[in-house]
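# Fold and geometry: a report
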Protein chains: 2
Amino acid sequence: MTPSEPLMSRRLFLRTGTAIASGSLAARTLHQVTEAEAAENLPPHVPAWSQPLGTSVDDRPYGTPSPYESQVVRRSLKWITATRESSVNFTPLHDLDGIITPNGLCFERHHSGAPDIPPHEHRLMLHGLVERPLLFTMDEIKRFPCESRFYFLECAANGGLEWFGAQLNGCQYTHGMVHCVQYTGVPLKTVLNEAGLKRQAKWILAEGADAASMTRSIPLDKAMDDCLLAYSMNGERLRPEQGYPLRLLVPGWEGNMWIKWLRRLEVGDQPWHSREETARYTDLLENGKARQFTWVMEAKSVVTHPSPENPLLGKGFQQLKGLAWSGRGKIARVDVSFDGGMNWQPARLDEPVLPKCLTRFYADWTWNGEERLIQSRAVDEFGYVQPQYPALLKARGINSIYHNNGIQTWLVNPSGEVGNVRLGS
Amino acid sequence: MTPSEPLMSRRLFLRTGTAIASGSLAARTLHQVTEAEAAENLPPHVPAWSQPLGTSVDDRPYGTPSPYESQVVRRSLKWITATRESSVNFTPLHDLDGIITPNGLCFERHHSGAPDIPPHEHRLMLHGLVERPLLFTMDEIKRFPCESRFYFLECAANGGLEWFGAQLNGCQYTHGMVHCVQYTGVPLKTVLNEAGLKRQAKWILAEGADAASMTRSIPLDKAMDDCLLAYSMNGERLRPEQGYPLRLLVPGWEGNMWIKWLRRLEVGDQPWHSREETARYTDLLENGKARQFTWVMEAKSVVTHPSPENPLLGKGFQQLKGLAWSGRGKIARVDVSFDGGMNWQPARLDEPVLPKCLTRFYADWTWNGEERLIQSRAVDEFGYVQPQYPALLKARGINSIYHNNGIQTWLVNPSGEVGNVRLGS
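Residues numbered from 1 in each chain as written. Chains lettered and ligands numbered in written order. Predicted model: local features only at pLDDT ≥ 70, side-chain atom pairs only at ≥ 80, totals over all residues. Heavy atoms only, no water.

- By the naming in an unreviewed UniProt entry, chain A goes by Molybdopterin binding oxidoreductase and is assigned to Entotheonella factor.
- Note on chain A: under the UniProt heading Cofactor (unreviewed entry), the record states "Mo-molybdopterin". (UniProt positions renumbered as here; feature names shortened; annotations may be inferred.)

## Brief notes about the environment of Arg 149 of chain B
- Residue position: Arg 149 of chain B is located in strand β6 (residues 147-154).
- It is 9.6 Å that separates the C-alpha atoms of Arg 149 of chain B and Lys 356 of chain B, two residues lying 207 residues apart in sequence.
- Arg 149 of chain B has contacts with Asp 350 and Glu 351 of chain A together with Val 181, Gln 182 and Tyr 183 of chain B, leaving out every residue within four places of it along the chain.
- Of the polar contacts made by the side chain of Arg 149 of chain B, one reaches the side chain of Asp 350 of chain A; its length is 2.6 Å. (Helix = DSSP H or I, 4+ residues; strand = E, 2+ residues; numbered from the N terminus. Contact = heavy atoms within 4.5 Å. Polar contact = N/O pair within 3.5 Å; in protein donor to acceptor, adjacent residues only side chain to side chain.)

## Here's the deal with the interface of chain B and chain A
- The interface of chain B with chain A comprises 132 residues on the first partner and 133 residues on the second.
- Looking at the side of chain B facing chain A, the largest losses of area belong to Trp 49, Val 57 and Arg 143 of chain B, adding up to 9% of the total buried there.
- Summed over the shared surface of chain B and chain A, the number is 10 salt bridges.
- Its salt-bridge partner being Asp 350 of chain B, residue Arg 149 of chain A comes within 2.6 Å of it at the nearest N-O pair.
- Tallying contributions element by element places strand β17 (residues 316-325) of chain B first for the side of chain B that touches chain A, with 5 residues.
- Taken together, the residues that form the side of chain B that touches chain A break down as 54 nonpolar, 41 polar and 37 charged. (Buried area = accessible area lost by both parts, 1.4 Å probe. Salt bridge = Lys/Arg side-chain N within 4 Å of Asp/Glu carboxyl O. Nonpolar A, V, L, I, M, F, W, Y, C, P; charged D, E, K, R; others polar.)

## Brief notes about the sheet that holds strand β1 (residues 31-32) of chain B
- Spatial strand order, β9(A)-β8(A)-β13(A)-β4(A)-β5(A)-β1(B): 6 strands in an open sheet with mixed pairing. A strand with exactly one partner marks an edge of an open sheet, and here the two such strands are β9 (215-219) of chain A together with β1 of chain B.
- When strand β8 (residues 203-208) of chain A meets β9 of chain A, the two strands line up antiparallel, connected through 5 bridges. Each bridged residue has a counterpart across the sheet, and for Ala 206 of chain A the counterpart in β9 of chain A is Arg 216 of chain A. (Pairing = 2+ DSSP bridges.)

## Quick look at the UniProt feature "domain: Moybdenum cofactor oxidoreductase dimerisation" (unreviewed entry) in chain A
- When the UniProt feature table is mapped onto this chain, "domain: Moybdenum cofactor oxidoreductase dimerisation" (unreviewed entry) is found at residues 292-408 of chain A.
- The span residues 292-408 of chain A is 7% helical and 38% strand by assignment, and the distance between its end C-alpha atoms comes to 26 Å.

## As for the sheet that holds strand β24 (residues 418-421) of chain A
All names here are of chain A.
- Read across the open sheet, the 5 strands follow the order β19-β18-β22-β23-β24; overall the sheet is antiparallel. What marks the edges here is a single partner per strand, and that holds for β19 (345-346) and β24.
- In this structure, strand β18 (residues 331-337) lies alongside β19, joined through 2 bridges in antiparallel fashion. Looking across to β19, one finds that Asp 335 is bridged to Pro 346.

## Quick notes on the relation of the copies chain B and chain A
- With an axial shift of 0.0 Å and an RMSD of 0.0 Å, the rotation relating chain B to chain A amounts to 180°. Here the copies are linked by what is in effect a two-fold axis. Judged by C-alpha distance, Pro 102 of chain B is the residue of chain B that lies nearest the rotation axis, at 3.7 Å.
- A shared binding surface is used by both copies, with 100% of the interface residues of chain B retained as interface residues in chain A. (Least-squares fit on C-alpha atoms with pLDDT ≥ 70 in both.)

## Focus: the pattern of salt bridges
- Evaluation of the coordinates by the stated rule reveals 50 salt bridges over all chains.
- Of the charged contacts in the structure, one is a salt bridge between Lys 321 of chain A and Asp 97 of chain A, with a shortest N-O distance of 3.6 Å. Here Lys 321 of chain A, found in strand β17 (residues 316-325), pairs with Asp 97 of chain A, found in the loop between β3 (89-90) and β4 (124-128); they are 224 residues apart in sequence, far enough to count as distant. You'll find Lys 321 of chain A and Asp 97 of chain A in the same group, each marked buried.
- Here Glu 298 of chain B ties to Arg 328 of chain B by a salt bridge, and the two come within 2.6 Å at their closest N and O atoms. Highlighted residues: Glu 298 of chain B in the loop between β15 (290-291) and β16 (300-305) and Arg 328 of chain B in the loop between β17 and β18 (331-337), separated in sequence by 30 residues.
- Of the residues examined, Arg 328 of chain B reaches a relative accessible area of 41% and is grouped as partly exposed. (Buried < 20%, exposed > 50% of the residue type's maximum accessible area, 1.4 Å probe, protein only.)

## A short note on the side chain of His 179 of chain B
Residue and element names in this part refer to chain B.
- Residue position: His 179 is located in strand β7 (residues 178-187).
- Judged by its relative accessible area of 0%, His 179 is buried.
- At 2.8 Å, the side chain of His 179 forms a polar contact with the side chain of Tyr 183.
- Setting aside its immediate chain neighbours within four residues, His 179 contacts Thr 91, Thr 101, Cys 106, Phe 107, Tyr 151, Phe 152, Leu 153 and Gln 242.

## So, the packing of aromatic side chains
- If you walk through the whole model with that rule in mind, you get 23 aromatic pairs over all chains.
- Relative to Tyr 402 of chain B, the ring of Tyr 281 of chain B has its centre 4.6 Å away and its plane inclined at 25°; by these criteria the two rings are stacked. With Tyr 281 of chain B in the loop between β13 (262-268) and β14 (283-284) and Tyr 402 of chain B in the loop between α6 (389-396) and β23 (409-412), the pair connects residues that are 121 residues apart, well separated along the chain. Both residues of the pair, Tyr 281 of chain B and Tyr 402 of chain B, count as buried.
- In this structure an aromatic cluster arises from ring pairing among Trp 203, Trp 253, Phe 293 and Trp 295 of chain A.
- The side chain of Lys 142 of chain A reaches across the aromatic face of Tyr 231 of chain A, ending 6.0 Å from its centre. (Phe/Tyr/Trp six-rings, centres within 6.5 Å; stacked < 30°, edge-to-face > 60°. Lys NZ or Arg CZ within 6 Å of the ring centre and 35° of its normal.)

See the structure below:
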């Protein structure tokens, strides 16, 4: 497009044939200002809400969203678990822009609810195969050199119900067990070095202070690579439901390992084979064998607009929006298809593209009211390509719960509404 | 330091001579775990807060900070303005990590309070020297291609009281009229192109829907460069006090130009010389002349730890933390001094370093209980060096209110307390 060419001329920006309840755009075109309207909108003529004094700088010591945005919340599915304390809620991905998830909207997955921990009484014990077992207060942890990193956190079970073709109606439910924030904390290797590792050290056990005593084994190589003891997210202290006052970060690996309310680190020479890495968070294959320690969250993506929650509001120019991520590093490319995967075109990646972090992508397209099958396909910097469902099911069989990174298909119908469909399985 | 050398041995991590009320570290060293403590901290022995079930996933559809963090809030100074609607509050920089400011903590500066605008009724009018004057709904604006960018926003008056040596006791007050978020919006040039600029177009007037009808003139070159019509911050919709539903972003330039509650853009051939660019937001020099249109926020920095709100909690190893920014582009280097500017050492910049965005820096040092004069000095990618106060005052005289980017000095006294001092002026 040349600089002066309008993107949404009256010709392109047409009214759709079918009324869409949620969309005012369906009923109008880009509106040229009449002389009467110009007069109405010029000073001293101002809207009603511009006439009184507004709220003062003392009214919101800690601000909250506009009341007009009250629908932008985490949502849960009541039937998904037996109790509400051992359950999950979902990030409203369809309502979000960019790559940052506001702290109040980061999905939750608890196994016994979120405990209420007084930070001044909390301790982290580091023991096992170390020279000097140590007991840390939060103030002591905060005195160590820290770093801040943008990371996504995805539950291994994100999209778990889609394995079975549940076709949940909304990307909040199909993909919303992921969030992305800037974390701040101390490299785990710094406190391990402070305690001094013994020669036989090979594994770390991390234990949470929740009633479930969540425990996971982490190989020492990962612990000494990029794991962090995090105490802040998006600038402020961790939220209670995200592990306040201390959480272990295991970048790029399944969220279950990111132990919240971290109270204990034990160094050992072999894994502990806890419940969460045997009975759960393993992948039962077709042949009856189970994959264990499948930690990495492989490359994945989802189109957030259009999506079941974001129907098309009119024919003409459209901007597709989506999110992609890879637990191995950076996203190298995202392709999008409008015909169910027959033809692909590259999406535009928004900067910055960071490793093990959400990447926002866009693609411009035109919709003339026809049915469309929309897909996105992430490719990471190591050349790994997000698979179609048939290939994924062939490799993993029919018993899987975790690590679903299959390509999502949205069906756009002629009214602009969007549904969740499964192709070729 | 070698990988296995402890950073905070008993020798370095000593108790200070003077008791500090807020600091538990002052009374203890890094604590080696005794056998009794290890037994107390091993399952099935768990703290009291680990015993009951915690809160469920339905308890917080939109989450809030821990009650233990209730002191982390925006704060205002009652004596600073005649009314609370035309006033300011400050970001708690001393309590924040990384570069992201949570939306609820972004400072506010209003001239008539924050209006309450129904987004479905809000309109943006674009008129003046254009081919097709246009009236946009929010839905229409959101259909244009968008982009997400991390930008700092600083009020031109940040540090204004420090010009006169007010020496406010805390970096929340001396530097807290700045915040940094990821914004999402439509490039201003896209909608200007949609309307079609006439050949004589040189300036844009932006007008807010607040009772003050805040208006500023913006040169067309800047409008066509990186200005955005923003509707989201940190992933979610703008907060009411930050311009909901639409704000103009003028990256790197003074916050007063980032018109909130944006309702009107007029294209003209000369600036409008509104109140906010004549009687205010100009710089009266010693010779009686005033600088006008001093838009760029030059390179600046502040040490947030230690700072008056963050005293040193004990002798030994310390990590200095701070923030730097430049309205011209990227921060290239930050230097820190512990002797009032006689000697400097380079700070460590945390990644990613982004243009017109806060940059977090760190420096490791050791404190043995002596008095210290701590400073930081930002250098941007164009070689501009943040000035000491004497040089700044020599150039600008004694009448200034805006654009104070002088080097801040913190005095650490032997008890670890930190004060705001002015050197050589």
